[in-house]
Amino acid sequence: MKSLVKEWLQFKQLNEGRSPETIKKYAYYLVLYHTYCEEHLVNPFEIKPGNLEQFTGLYLHQKKLVPQSRRTAVAALKGFYAYLSDNGHIATDPTLTLAYPATAQKIPVAMGLKYFEKLLQSCDLETFTGVRDAAIIALMGGCGFRLAGVVNMNVSHIVSYEHDDSERLAVRVVEKGSKERQVPLPLEAQLFLRVYIGHPELRHINRTLPNGDQVLFVSTQNRLCPPWDYYGENRRISRRTIQKMIKRRGLSAGVPANQSHPHALRHLTGTEYAEEDLDIITRQTLLGHSDPKTTEIYTQLALRKLTKQVDKGNPLSKIATAVTPLINALNK
């Protein structure tokens, strides 16, 4: 089974372009599944639907896995057994009737505009790391890029084009499952990025890749890499470094802890797109959502827009109440 799992994971990564993070999750759940089969003396090639339901239900629940994580485990099992069936390793796919656990849809927490402003202002533009961090925060909050997309950026991903007789920049971002999209940069993000690219300290950092391209956002210290190897790909900033930077800067700037993380910046972008009535297709394209239902969630977060509609249409505003004189006075 282990060799077939490895074969399937390679197929998912190389043929279907699944991201390394997805492959890592699938591998983890299939290791748990292999352990389950050994503990319960079950042959994975002759597994019964009841055993599969027990594994994805009670067994993983006892491992403290929430329903959303168990959904990923079900996806891994379904994909693996479909692969075994398609390649003649088993006669029938036992996961055909395996149901996904029900999950409650949570409304994401977006960083507030005033906190986004404070986060950007926390970056000291007199220092190289301050300029780098400001450019990263501007791209994540101004464009809604995922953390992996920012980390994976190279210089060749920056695209220059003409708009209204002026030069503008766009970024060809590569995110989930190696999916690419091209996003125009707001002027503010464009300026932050230009200042970073032109910084004199960056010129002295060897960030050239074997194909001649260059890493865009670099790290300034790496205790895990020996000095003689600290160049090229090894100079690329890590996901963890950006997460820690946003958390550290956010907390020092007074940003609430539940908003001091990269995805809160992405949620801010999605919310502001909804506030400004960008159509759903445009929002889906800019944010890189595969499912428009994911994009629609941000409509619920567009509180300024919803507040105007509530103030205009609610029944209380159309009758006389004890607080009506006070409301009228406040409006004046």
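The preceding data block contains the structure.
Note that this is a predicted model, so its numbers are computed, not measured. (Residues numbered from 1 in each chain as written. Predicted model: local features only at pLDDT ≥ 70, side-chain atom pairs only at ≥ 80, totals over all residues. Heavy atoms only, no water.)

## A look at helix H4 (residues 67–86)
Given 3.6 residues to a turn, an α-helix orients residues that are three or four positions apart in the same direction.
Right, so step 1: Its 20 residues give H4 an end-to-end C-alpha distance of 28 Å, which sits within 8% of 28 Å, the value for a rise of 1.5 Å per residue.
Right, so step 2: Among the residues of H4, those classed as buried are Arg70, Ala73, Val74, Ala76, Leu77, Lys78, Gly79, Phe80, Tyr81, Tyr83 and Leu84.
Right, so step 3: Next to the buried residues of H4 lie helix H1 (2–14), helix H2 (20–39) and helix H3 (49–62). (Helix = DSSP H or I, 4+ residues; strand = E, 2+ residues; numbered from the N terminus. Expected span 1.5 Å × (residues − 1). Buried < 20%, exposed > 50% of the residue type's maximum accessible area, 1.4 Å probe, protein only. Contact = heavy atoms within 4.5 Å.)

## Let's talk about the pattern of salt bridges
Right, so step 1: Within this structure, the stated rule accounts for 11 salt bridges.
Right, so step 2: For Lys12, the salt bridge goes to Glu16, with nearest N and O atoms at 2.6 Å.
Right, so step 3: Among the residues examined, Glu16 registers a relative accessible area of 38% and is labelled partly exposed.
Right, so step 4: Note that Arg249 is salt-bridged to Asp133, the shortest N-O span being 2.9 Å. A residue pair is termed long-range when its members are at least 10 positions apart, and Arg249 in helix H10 (residues 239–252) and Asp133 in helix H6 (residues 128–143) qualify at 116 residues. (Salt bridge = Lys/Arg side-chain N within 4 Å of Asp/Glu carboxyl O.)

## Focus: the pairing of strand S2 (residues 166–174)
Right, so step 1: In this sheet, S2 lies alongside strand S1 (residues 158–163) in antiparallel orientation, the contact comprising six bridges. For Tyr161, the partnering residue across the bridge sits in S2 and is Arg168.
Right, so step 2: The hairpin formed by S1 and S2 contains two residues between the paired strands, and Asp164 there has a positive phi angle of roughly 50 degrees.
Right, so step 3: Relative to strand S3 (residues 180–184), S2 is paired through five bridges, and the arrangement is antiparallel. Within S3, the position partnered with Val171 by the bridge is Val183. (Pairing = 2+ DSSP bridges.)

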